[in-house]
Amino acid sequence: MQAYFHKVCRHVFQRLRAQVFRMMQTVAIVIPVYNEAKVIGSVIEEVRAHGYEHIVVVDDGSADDSYLIATAHDVLALRLKINRGKGAAVKTGIMAANILGADVVVTMDGDGQHDPADIAPLIAPILEGRMDAVLGSRLLNRETMPFKKKVANSIGNFITWLFYGLLVSDSQSGLRAYSRYAALIIDTKADKYEYDSKVIREIKNNRLRFTEVPVQTRYTEYASTKKTKQGFINGLITLRRMIWKLIA
Amino acid sequence: MHLYQVVMVAISSVMLYLGIKEFANRETGQTLLKLSVRVTVWGGMTLIAIYPDSTLFIARVLGVVDNFNAVVMMGFLLVFMLIFKLLSAIEKVEQNISELTRKEALSEAHERIEQLRQEIKEKKKQREQA
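Residues numbered from 1 in each chain as written. Chains lettered and ligands numbered in written order. Predicted model: local features only at pLDDT ≥ 70, side-chain atom pairs only at ≥ 80, totals over all residues. Heavy atoms only, no water.

Caption draft 1: Broad picture of the nonpolar core. If you look at the biggest cluster of nonpolar residues, it comprises 36 residues, and the most contacted ones within it are A:V56, A:L76, A:L78, A:Y178 and A:I203. Element by element, the count of residues in this core is highest for helix α4 (residues 86–100) of chain A, at 7 residues. When sequence neighbours within four positions are dropped, the list of residues in contact with A:L78 reads A:V56, A:V57, A:V58, A:D59, A:Y67, A:T92, A:A96, B:A105, B:L106, B:A109 and B:I113. (Core = buried A, V, L, I, M, F, W, Y, C linked by side-chain atoms within 4.5 Å. Buried < 20%, exposed > 50% of the residue type's maximum accessible area, 1.4 Å probe, protein only. Helix = DSSP H or I, 4+ residues; strand = E, 2+ residues; numbered from the N terminus. Contact = heavy atoms within 4.5 Å.)

Structure representation (structure tokens):
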């Protein structure tokens, strides 16, 4: 009983402390989008409903109205006129967040698969000054993940470890948080999906303090049927890029 | 004359014609060096197609008659190096395009970024004072 009481007290104390730190610091949420007109509005609203007012949406050359919808939601909307890939969009958003003077930068996908409720535990280690980068991990919460994705992620993790020497439980997760220092120092030329793996290399090379936090992923029909998602073929293309960048 | 010889001469002729036409029209990137390489490569192909025995003569002159495998390997190596150089160049161009696109996106939103930056600065000041 006493142990349980202590546990509850510690949890409440940690939440309160994180809340205080959060109030003192500026958190910017970077959302890269490519043809997400159907959902981007609701994603922005949901993020805002969780108390994050500084949202940077980067439209990666969409053919639909993603950019217009983002602009209408009163966020900082940036537009890459040509589709350059997820990595290029995220990098642009992080650069904008750095210019804004954000203390913490969070990146999340624009298709609604990430739950904004996960942002608080994600940024807590950074707000407390314990970590420079926090990776959201879907594999620490394996029950909800489809089998095919588990296998694909395990392969991705293995390849990332093989090439960049750092083993993480979810090397392809888009939900991540960086301290200002990490957001400034992480620099990769990767434009496409290999960006996520390259960031892990940067974390290792720059000896950044990092941890992984379990996050929920909402496998909605919309998110899982999107053509541009990192499927098997795209995975092979990403692998080809990673190998090429190693030898070129 | 065999069919392959006709096909090779036809292809080489088209490539030579295009090369000379582009150079004559002073199209972008068409230098004398590029034209010379084209004429040497495709002209050589035409000559070899018309006179197949000329390869033996060349091999004798170069002294590689008994080392034909080595010549083929060198050819592969040369092709690999060319592909490597081409892919590197494409990669570099892609990176430059991304950089340009990024700079343009940030510069287009410059006013909005500046306005938000000021707002955040003000809020930070207020928080510190509080």
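Caption draft 2: Looking closely at the interface of chain B and chain A. Taken residue by residue, the interface counts 23 residues in chain B and 32 residues in chain A. Here chain B and chain A share an interface that buries about 2,600 Å² over both sides, 58% of which is from carbon and sulfur atoms. Three residues stand out in chain B for area buried against chain A, namely B:R102, B:I120 and B:R127, and they jointly supply 23% of the buried area on that side. For B:E108, the salt bridge is made with A:K81, and the minimal N-O distance between the two is 2.9 Å. (Buried area = accessible area lost by both parts, 1.4 Å probe. Salt bridge = Lys/Arg side-chain N within 4 Å of Asp/Glu carboxyl O.)

Caption draft 3: Summary view of helix α2 (residues 40–49) of chain A. Residue and element names in this part refer to chain A. Among the residues of α2, those classed as buried are I40, G41, V43, I44 and V47. Viewed along the axis of α2, the buried residues span an arc of 165°, placing them on a single side of the element. Looking one or two places after α2, you find G51, whose phi comes out positive at around 95°. (Arc of directions from axis to C-beta.)

Caption draft 4: Quick look at the side chain of A:S179. All names here are of chain A. Locating S179 in the fold gives a position in strand β6 (residues 176–179). A polar side-chain atom of S179 sits 3.1 Å from the main-chain amide nitrogen of A182. Aside from chain neighbours lying at most four places away, what touches S179 is D103, I126, M131 and D132. (Polar contact = N/O pair within 3.5 Å; in protein donor to acceptor, adjacent residues only side chain to side chain.)

Caption draft 5: Focus on the packing of aromatic side chains. Residues and elements named next belong to chain A. This model, assessed by the stated rule, comprises 2 aromatic pairs over all chains. Between F158 and W161 the ring centres are 5.7 Å apart and the planes differ by 40°, which places this aromatic pair in the tilted class. Here F158 pairs with W161, and both are found in helix α6 (residues 147–164), just 3 residues apart, close to one helical turn. Residue F158 is classed as partly exposed on the basis of its relative accessible area, which comes to 47%. A ring pair is formed by F163 and Y164, whose centres lie 6.3 Å apart and whose planes are at 75°; its orientation type is edge-to-face. For F163, a relative accessible area of 23% puts it in the partly exposed group. (Phe/Tyr/Trp six-rings, centres within 6.5 Å; stacked < 30°, edge-to-face > 60°.)

Caption draft 6: Representation of the pattern of salt bridges in the model. All names here are of chain A. Inspection of the entire model under this criterion finds 19 salt bridges over all chains. Residue R218 is joined to E46 by a salt bridge in which the shortest nitrogen-to-oxygen separation is 2.9 Å. Taken together, the residues span a long stretch of sequence, with R218 in the loop between β7 (210–214) and α9 (221–225) and E46 in helix α2 at a distance of 172 residues. R218 sits in the partly exposed class, given a relative accessible area of 27%.

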